Amino acid sequence: MSATPTALPWVRTRLEHLLSGQVAAVISDLEGVAEASTTSATARAQLLRTAGYYRRNAPFMRYDAYLAAGWPIGTGVIEGACGHLVKDRMEQAGMRWTKVGAQAVLDPRAVRLKGEWDAYWDFHRRRAYKRRYGSAPPALVPVDLHVLLAPAA
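Residues numbered from 1 in each chain as written. Predicted model: local features only at pLDDT ≥ 70, side-chain atom pairs only at ≥ 80, totals over all residues. Heavy atoms only, no water.

## Here we look at the overall build of the protein chain
Right, so step 1: If you tally the helices and strands in the protein chain, you get 8 helices and 0 strands.
Right, so step 2: Secondary structure elements in the protein chain, listed N-terminal to C-terminal, are α-α-α-α-α-α-α-α.
Right, so step 3: For 153 residues, the compact-globule formula gives about 15 Å, and the C-alpha radius of gyration of the protein chain, at 27 Å, lies well above that figure.
Right, so step 4: Along the first, second and third principal axes, the C-alpha atoms of the protein chain reach 85 × 40 × 40 Å.
Right, so step 5: Looking at the protein chain as a whole, 17% of its 153 residues qualify as buried.
Right, so step 6: Considering only intrachain contacts with a sequence separation of at least 6, the fraction spanning at least 24 residues in the protein chain is 32%.
Right, so step 7: When the accessible surface of the protein chain is split by element, carbon and sulfur atoms take 61% of a total near 11,800 Å².
Right, so step 8: The averaged location of the 13 negative side-chain charges in the protein chain is 8 Å from the averaged location of its 20 positive side-chain charges. (Helix = DSSP H or I, 4+ residues; strand = E, 2+ residues; numbered from the N terminus. Rg over C-alpha atoms; globule rule 2.2 N^0.38 Å. Buried < 20%, exposed > 50% of the residue type's maximum accessible area, 1.4 Å probe, protein only. Contact = heavy atoms within 4.5 Å. Areas by Shrake-Rupley, 256 points an atom, 1.4 Å probe, with all protein chains shown as cover. Lys, Arg positive; Asp, Glu negative; His and termini not counted. Charge placed at Lys NZ, Arg CZ, Asp CG, Glu CD.)

## Comments concerning the side chain of T39
Right, so step 1: Position of T39 relative to the elements: it lies in the loop between α2 (23-35) and α3 (41-57).
Right, so step 2: Taking relative accessible area as the criterion, T39 reaches 11% and is therefore assigned buried.
Right, so step 3: From its side chain, T39 meets the backbone oxygen of V33 in a polar contact 2.5 Å long.
Right, so step 4: When sequence neighbours within four positions are dropped, the list of residues in contact with T39 reads V33, A34, R44 and L47. (Polar contact = N/O pair within 3.5 Å; in protein donor to acceptor, adjacent residues only side chain to side chain.)

Here's what the structure looks like:
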């Protein structure tokens, strides 16, 4: 399919089909255009390669369900998160990391960025107690350190 005035609407329609969960219809359309007598050998190969890619990945192309669940379907969000979580921390001036060392820094960073720091430490304390004493810890009463450390009035 060459760059003609009808190309943009054709592509837009296939995109709408993909986003609405109609991957099989897009595969069928691509194969239909590939088999047309007016399609060049180069275009035919590209169309069939694209149709094959869609066929292999159709189980993962449930964009309608992903969008309904509010999930991102592009890579931008993931790349941004990687940059924020990993690159901003690991690529500061003069830093060199082993895989083990980098993972040791990134795990707690991910916990903190997800807002689960307190839950993580609660889990960590309970696990350490059980390891030391062989039983689950007694119910812990939450303590507000700001109240304990505040100067007496």
